[in-house]
Amino acid sequence: MLTFYLWIKSINMGSVFYAALTAVFYFYMVSAWGGYVFITNMIPLHVFILLLMGRFDFKIYTSYTTWYALGTLMSMQIPFVGFLPIRSNDHMASLGVFGLLQLVLLVNYLKYTLSAAKFNKLMIAFGVFISVVAITGLVLATKLGLIAPWTGRFYSLWDTSYAKIHIPIIASVSEHQPTTWTSFFFDLNFLIWLFPVGVYLCFQELTNEAVFLIVFAVLSSYFAGVMIRLMLTLTPVVCVCSGLALGRLFDIYLDFKDVLRSRAEHGSKGLTEVFSKLIIVSTFVFYLYFFVQHCTWATSTAYSSPSVVLASRAQDGSQSIIDDYREAYYWLRMNTPEDSKVMAWWDYGYQIGGMADRTTFVDNNTWNNTHIATVGKAMSVSEEKSEVIMRQLGVDYVLVIFGGLLGYSGDDLNKFLWMVRIAEGIWPEDVNEKTFFTQRGEYRVDDLAAEGMKDSLMYKMSYYRFGDLFGNKDPVDRVRQQKLSSNYAKSIKLDVLEEVFTSENWIVRIYKLKDKDNFGRSLIDVGDDERKHASKRVKRMQTRKKPELDLRV
Amino acid sequence: MNLISIIFGVLFYLSACSAFEVSQTWEISNYQRTLDVLKSYVKDRTTIVARNIGSEPSAEIYAVVPGDRKDLALQVSILESPQLTAPVLTSELVATENGFNYYRIDLPFPMAPKSEIRLMLSYIVINQISTLVEEDKMGAPQYLQIHTYKEPLSVYETKKYQLAIVGAKEFNELSTKKEGSPEPVPSRERDTYLFGPYEGEYKANHFDEFHFSYRHDFPLPYVYNLERNFWVSHWSDSLQLEEYYELSNKAVKLDSGFSRVDFMNSKLGHSYSSVMNSIMVPLPENVETEGVYYTDKVGNVTTSAFVHGDLLLKPRFPIFGGWHYNFTLGWEHKLSEFAHAVDGALGEYLLKVKLLDGLVDAVYENVTLSVYLPEGAKFINATAPFEWEDMVIDHEYSYLDVSSGHTKVTFYFSNLVDELRGLDIIVHYKYSVLAMLKKPFVTAFYIFLALMGLYFLRKIDVNIKPKGYAPNPASK
Amino acid sequence: MNFSSVFFTIACLFQLAFAIRPPTDFSKTLVIYDKDDTDFISEHTQFLSLLKSRSLDYEVKSTFEFDNTIFEHGQKLYQNIIVFPTHAKTIVDERDLLKFSQKGGNLFIITDNTGIQTDVAIFLNQLGIYPSPKGYNYVDHHVKDANVISEPNLKYLTNAKVDELAFNDGSVALLSNSELLIPVLQASKSSFSANIDDGVINRETTWHSGDQGFRIVGFQGLNNARLTWVGSPAFFADGANYSEDLVADLVDFTLHVKGSIKTEFISHINVDTNETSYKVGDNAKFQIGLSHWNGEDWVPLNTLEDLQLEFIMLDPYYRLNLTLESDGVYSTTFKIPDQHVPKILGDH
């Protein structure tokens, strides 16, 4: 936010120094956060609006050009950004405003030097020429592939349902979900209603800074509405605006000079006024106090609790810690070969890399959608097909999160539909979301689950030997509140994978891809044979029967 | 035992007659050997009564210890004689041939001809025990096997011998029966099996292979590396200990992947088996122990508890045979209980630290013990109950170190067993009052410098505008 | 005599003995024959002396003497098992046979058409070899004597030149499409096998027809354990029928006396810096040294032309041919790509 502060300061002072500083901090933002694009668009927008308001002056010109030139050059030093600033549409706005500023400057210059009539003619010709050139240039460049086509992120900003339909991978991240009203209130508490007041106050006093705040407020409210993650951009402006509003409020109500003076004139009326003022002030003090409390509580429970360690309360109220993630990751680290490769959904990629020190196929920073989809496909297709994929990938271990025993809702089966959708996005002929729902459109995991569900590797890995834990009783999945019948649960088999570790509360289950059968048999056939428990006599009869074989070539 | 060693054994048979030979000045009139297999290693204790049959007094006697020399953990020979105050004898390795180590034991005084002495030899050889089957089902009883020798291990002729095996539940001899000679059958009393005593003429240097198995439903903890770091601080009067273990279990491995269902249903977590569910660490007795912590490479492990003053660690996962688990354990003592000023020498201290704490039953392959003396301390010397492999003195930087860093004394040991836990290492060092005061002064000086620097920095004018220039108020 | 010199000589002898052993240093071999075949040993002296010449430490047991155990404490007691036709009810459970092979043991199985031992049959079926059961006879109307194969077309495992191969009481096997099977001798195109009891010939009563039947089959598991199945014991017996070259080749293959390739070393180096760590875009050189067992010694293998290196991340990024650099050493140089898990795979 220092970037914004410095920006305003540089606009006010027209100082190259501050603009340069803004650029430096902008660079910092670029290097640290993918959301820097927000700043890249905020600043030009602000300038553009100021232009429209006719507030153009040399200070803005100096600051903006300095910032743009320096900031862009610096940001291009970051390997990930590279040439994006001049190619991608995300950065188009800033480039456009930069060009526009040059034009305005030129026009201003012409206005001073030329006569009014000539100027008008020139303006029209010039305007038409520029717009034609610009539009054709843009279209051409996009077509030629010089400029990146509009990215999915961009679309999802404008149309919240776009992502859901076209790019499941973006929508699958909980941070990318549209924000709900409750979360607005949860995060911002009473600031949420002080915020519009602040914005209103800004309108009353339309300085350059206020315009900036307004632009900021409008944009960020919209974005925050689209994605939870962008709440991050909203908070600073909410804080600033509410600060403004509160400040104004206290300005009025804490001003007792007036009261003291009036009290000398009429006694009782003054007292009620003091009283009412005090009530309001104390209410707000209470609100503020409560707000601090709320913030501390919210950060301690919702945000800072590390997701790898779960705390649960036993029935007697004592707290117990569920440390299954670390248990399993440490097991992986200690008891698997150092070069083994683990397949897991990408959410756990960083954790596995960091804590288990093992290679994963996809992690939180995987950009290649196909890789993620491949893993999704391996999880959602049948054992037989999955084996082929896993052998191709060179998978050694597969890790799944299963919360059914404990009632931990953030498990893989609950994320499973996203895996299916992402895989379907690339291989619609192999994976079909519909086959994972029952005919009545329910998402079931019990005996009546859809065939696609029952066949999928993820389902089998989650429930493998789950039934054996309950003796002869019917096992219950506590997350989905569904009861599997005991016989059915015990019949869930897994042939290509071998269970090698399951954590204490079953949250993390690790499987090892079995070696190929030494004798070239399919692992599934071997498993089927073993389950038959055929007697020797039956087996002997079988050796006398002519086998059904394809021609050997 | 693998094939190569079998071949070696056979080889030895061929060449046994010409093994390490000494002049037959002694005769063993009674040979009693006890193999104790209660723990995860074999304790071998032999008592011999030797008679000088030579014509001259003799002050040396030879003994033989089987096993690879690098696996030998401890070898002590004790002369049982009422006249002597220091019964431990010095012994020197004189030869190692075909897996046998020959020691010369020096007697305190020459023994006259026809006189008898009573000697006790005890030694521990690690890596002698292996599981009978490499892999087995979860919860199956664990059988271990040992290859050793049955008849007297001696370079002298023996008249009488007995062999006792202690703690071998369900003992079962596996060595191939020799044809012709009737095999001795051991008598049994609970878990102790006794061969003999047999009387006869047992030739010198005759080694009779003996292979047996027994049931042992306990883990075989094995620590590949143990790093013990003691941090000495005179200012805070504390002695901090941090231990890093690389632990494994040499018990029978699982024949398939670990199945949590089977583990839960078989209640293995709560019964005696070859699985390590918890690690008992007795804390030092009679001294105050504070600030115990138990971590591993992914952070704090919350499952530890104190049981009757001992520390009970619960690893993140049960440690099956062949599994590994690295962890760090640490605590703090008052320094004054371990370091004492030396009388008559100002600023000199004697620090007494334990060679081992930790596990109740374990074999340690490598142990690195480091003592971090305060900065400016001078190491004088150290004593240990037995020889270390190597000792290194260097310096290591830590927080607020101002000159050369902490003085670090590192001892390297190998092949230790938990039985040696009572032994002490004594470090003698000098730490003068001047050295003690140096650190706070130097630290204070640097902080002062930093503050002064800040003060001067504030004096520098970085304004690029000429003095007296005031910017226009912001335009509206 | 000084002890140390004795030890030295013995050690030398031991070294020597080690050197002439086949690649697997554990060569205990079990030969099983039917208990009714009382003259087995005297009728197979040539075969047994062949085993001896391969310095195999063998035991010959009839099914009566054999106690049906091939494992002790989870360790296999033998490295190789040779089974002659037998009607014994059980010899070794088929699961044990699978386990034996899984643990690297080699099997040499000879059957005939008088009925195949059940354990062996179940085991062979698992591998994809389906020998004809009792009662099926091999018929070929185009040859005079079905018990003799003249000028057999032997492939893959042997170069033996055989004019006439005795194949008395021969059985014939169907094979699955398993890649691990090596068909050594195919049945003739004009042959079929039919159940003699039925008298009619139709789909149900014939086991094989034409060259879909096989008479000698080799097999190599993924763990390099080997197996050979032979449809007739005739050419193993002493006398005119004994086909020395063929038997020797089959034994050499099955018991790993020849045809074993071993990786001597694998190395990689950064050509630009001469270190073994890489950055994206560096040139790396990969080398592999191979040798094979020629029956007496490991010698450099120089004959491969189709050795490849793969560099993989999801899909192979590179698939490079390795070229022979020096004696037994193959190498290639390539540029390290970005974002790839360097899984190096040698294909051959």
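What counts and what doesn't
- Residues numbered from 1 in each chain as written.
- Chains lettered and ligands numbered in written order.
- Predicted model: local features only at pLDDT ≥ 70, side-chain atom pairs only at ≥ 80, totals over all residues.
- Heavy atoms only, no water.
- UniProt positions renumbered as here; feature names shortened; annotations may be inferred.
- Core = buried A, V, L, I, M, F, W, Y, C linked by side-chain atoms within 4.5 Å.
- Buried < 20%, exposed > 50% of the residue type's maximum accessible area, 1.4 Å probe, protein only.
- Contact = heavy atoms within 4.5 Å.
- Pairing = 2+ DSSP bridges.
- Helix = DSSP H or I, 4+ residues; strand = E, 2+ residues; numbered from the N terminus.
- Axes fitted to C-alpha atoms, helices over the stretch in contact; angles between N-to-C directions.
- Domains from an automatic or database assignment.
- Buried area = accessible area lost by both parts, 1.4 Å probe.
- Salt bridge = Lys/Arg side-chain N within 4 Å of Asp/Glu carboxyl O.
- Nonpolar A, V, L, I, M, F, W, Y, C, P; charged D, E, K, R; others polar.
- Polar contact = N/O pair within 3.5 Å; in protein donor to acceptor, adjacent residues only side chain to side chain.
- Patch = residues over 30% accessible without salt bridge, like charges linked within 9 Å, V, L, I, M, F, W, Y side chains within 5 Å.
- Areas by Shrake-Rupley, 256 points an atom, 1.4 Å probe, with all protein chains shown as cover.
- Parallel < 35°, antiparallel > 145°, perpendicular 65-115°, else oblique.
- Left-handed = near helix turned anticlockwise from the far one by under 90°.

As recorded in an unreviewed UniProt entry, chain A goes by dolichyl-diphosphooligosaccharide--protein glycotransferase and comes from Ambrosiozyma monospora. Recorded under Catalytic activity (unreviewed entry), the UniProt text for chain A is reproduced unchanged: "a di-trans,poly-cis-dolichyl diphosphooligosaccharide + L-asparaginyl-[protein] = N(4)-(oligosaccharide-(1->4)-N-acetyl-beta-D-glucosaminyl-(1->4)-N-acetyl-beta-D-glucosaminyl)-L-asparaginyl-[protein] + a di-trans,poly-cis-dolichyl diphosphate + H(+)". In its Subcellular location (unreviewed entry) section, the UniProt record describing chain A reads: "Endomembrane system".

Chemist: Looking at this structure, I do not really get the nonpolar core. What am I missing?
Modeler: One recurring pattern in soluble globular proteins: nonpolar side chains tend to sit buried together. Of all hydrophobic cores here, the largest spans 142 residues; its most connected members are Met343(A), Leu399(A), Leu497(A), Ile510(A), Leu351(B), Tyr364(B) and Tyr429(B). Ignoring any residue separated from it by four or fewer positions in sequence, one finds Leu399(A) in contact with Tyr329(A), Leu332(A), Val342(A), Met343(A), Ala344(A), Ile352(A), Met379(A), Asp412(A), Val508(A), Arg509(A) and Ile510(A). Judged by nonpolar contacts, the second largest core, of 50 residues, contains Ile8(A), Tyr26(A), Leu51(A) and Tyr64(A).

Chemist: Before we go on, may I ask you to explain the sheet that holds strand E26 (residues 348–354) of chain B in this structure?
Modeler: Strand pairing within a sheet occurs via backbone hydrogen bonds; the two strands may be parallel or antiparallel. All names here are of chain B. The strand order across the open sheet built from four strands is E25-E26-E31-E28, with neighbouring strands paired in antiparallel fashion. In this open sheet, the two edge strands, each paired with only one partner strand, are strand E25 (339–341) and strand E28 (378–383). Each adjacent strand pair in this sheet contributes to an overall mean axis angle of 20 degrees, direction not counted. In this structure, E25 lies alongside E26, joined through three bridges in antiparallel fashion. From the neighbouring strand, Ala339 faces E26, where its bridge partner is Leu351.

Chemist: Just checking my understanding: could you explain the domain arrangement of chain B for this structure?
Modeler: Interface size is commonly expressed as the accessible area that is lost once the parts come together. Residues and elements named next belong to chain B. Assigned domains of chain B: these are domain 1 (2–215) and domain 2 (221–434). Buried area between domain 1 and domain 2, summed over both chains or domains, comes out near 1,800 Å², and the portion from carbon and sulfur atoms is 58%. Summed over the shared surface of domain 1 and domain 2, the number is four salt bridges. For Glu419, the salt bridge goes to Lys39, with nearest N and O atoms at 3.5 Å. Tallied by class, the residues present in the side of domain 1 that touches domain 2 amount to eight nonpolar, five polar and eight charged.

Chemist: Just checking my understanding: could you explain the environment of Ser432(B) for this structure?
Modeler: Residue and element names in this part refer to chain B. Among the secondary structure elements, Ser432 is positioned in the loop between strand E31 (424–430) and helix H3 (433–459). Classification of Ser432 as partly exposed rests on a relative accessible area of 28%. In the structure, Ser432 is positioned 85 residues away from Gly347 in sequence and 4.6 Å away in space, judged by C-alpha atoms.

Chemist: Where do I start with the pairing of strand E1 (residues 28–33) of chain C in this structure?
Modeler: The side chains of a regular strand alternate between both faces of the sheet. Residue and element names in this part refer to chain C. With five of six residues buried, E1 lies mostly within the body of the structure. Direction of pairing for E1 relative to strand E2 (residues 57–62): parallel, over a ladder of six bridges. Bridging across to E2, Ile32 finds its partner in Lys61.

Chemist: Which parts of the structure should I look at to understand the interface of chain C and chain A?
Modeler: Listed as interface residues are 37 residues of chain C and, on the opposing side, 29 residues of chain A. Our count for the contact surface shared by chain C and chain A stands at one salt bridge. Put simply, Lys539(A) and Glu94(C) hold a salt bridge, and the shortest N to O gap is 2.7 Å. At the junction of chain C with chain A, the criterion picks out four residue pairs in polar contact (both at pLDDT 80 or more). Elements with a contribution of two residues or more to the side of chain C that touches chain A: helix H4 (94–102), helix H5 (118–127), strand E11 (173–175), strand E12 (181–186), strand E14 (206–209) and strand E15 (213–220) of chain C. Looking at the side of chain C that touches chain A element by element, the count peaks at seven residues for H5(C). Looking at side-chain class alone, the side of chain C that touches chain A contains 18 nonpolar, 13 polar and six charged residues.

Chemist: Please clarify how the sheet that holds strand E8 (residues 136–140) of chain C should be interpreted in this entry.
Modeler: Residue and element names in this part refer to chain C. In space, the three strands of this open sheet follow the order E8-E13-E14, with antiparallel pairing throughout. For this open sheet the edge positions go to E8 and E14, each flanked by a neighbour on one side alone. Each neighbouring strand pair of the sheet contributes to a mean axis angle of 15 degrees, computed without reference to strand direction. Of the strand pairs in this sheet, strand E13 (residues 191–195) and E14 are connected by two bridges, and their pairing is antiparallel. By the bridge assignment, Ala194 is partnered in E14 with Thr206.

Chemist: Looking at this structure, how should I read unusual backbone geometry?
Modeler: Excluding glycine, a negative phi dihedral is what most residues carry, and trans is how most peptide bonds are arranged. Phi is positive for Arg465(A), which is not a glycine, with a value near 60 degrees. Within the secondary structure, Arg465(A) is located in the loop between helix H23 (457–463) and strand E6 (476–477). Its identity is not glycine, yet Asn224(C) carries a phi of approximately 75 degrees, on the positive side. Its relative accessible area of 40% is what places Asn224(C) among the partly exposed residues.

Chemist: So what exactly am I meant to see when it comes to a nonpolar patch on the surface here?
Modeler: Residue and element names in this part refer to chain B. A contiguous nonpolar surface patch, about 740 Å² in accessible area, is contributed by Phe445, Tyr446, Phe448, Leu449, Met452, Tyr455 and Phe456. Looking at the secondary structure, you find Tyr455 in helix H3. Among the residues examined, Tyr455 registers a relative accessible area of 44% and is labelled partly exposed.

Chemist: What is the right way to read the pattern of salt bridges from this model?
Modeler: Between side chains of opposite charge, pairing is possible as soon as their charged atoms come close. Residue and element names in this part refer to chain B. Per the counting criterion, the structure on display carries 44 salt bridges over all chains. Across the salt bridge formed by Glu396 and Lys408, the nearest N and O atoms sit 3.5 Å from each other. Placement of Glu396 in strand E29 (residues 390–396) and of Lys408 in strand E30 (residues 406–417) is noted, with a sequence separation of twelve residues between them. Judged by relative accessible area, which is 30%, Glu396 ranks as partly exposed. A single network of salt bridges, built from pairs that share partners, joins Asp36, Lys39, Lys43, Asp418 and Glu419.

Chemist: Where do I start with the packing of helix H19 (residues 369–380) of chain A against helix H21 (residues 412–426) of chain A in this structure?
Modeler: Helix packing for two helices is described by the angle between their axes and how far apart those axes are. All names here are of chain A. Where H19 contacts H21, the axes come no closer than 8 Å and their chain directions differ by 120 degrees. By the criterion of interaxial angle, the relationship of H19 to H21 is oblique. In this structure, H19 meets H21 at a crossing whose hand is left-handed. Of the residues in H21, those in contact with Asn369, Thr370, Ile372, Ala373, Gly376, Lys377, Met379 and Ser380 of H19 are Phe416, Met419, Val420, Ile422, Ala423 and Ile426. Residues that form the contact of H19 with H21 fall into these classes: nine nonpolar, four polar and one charged.

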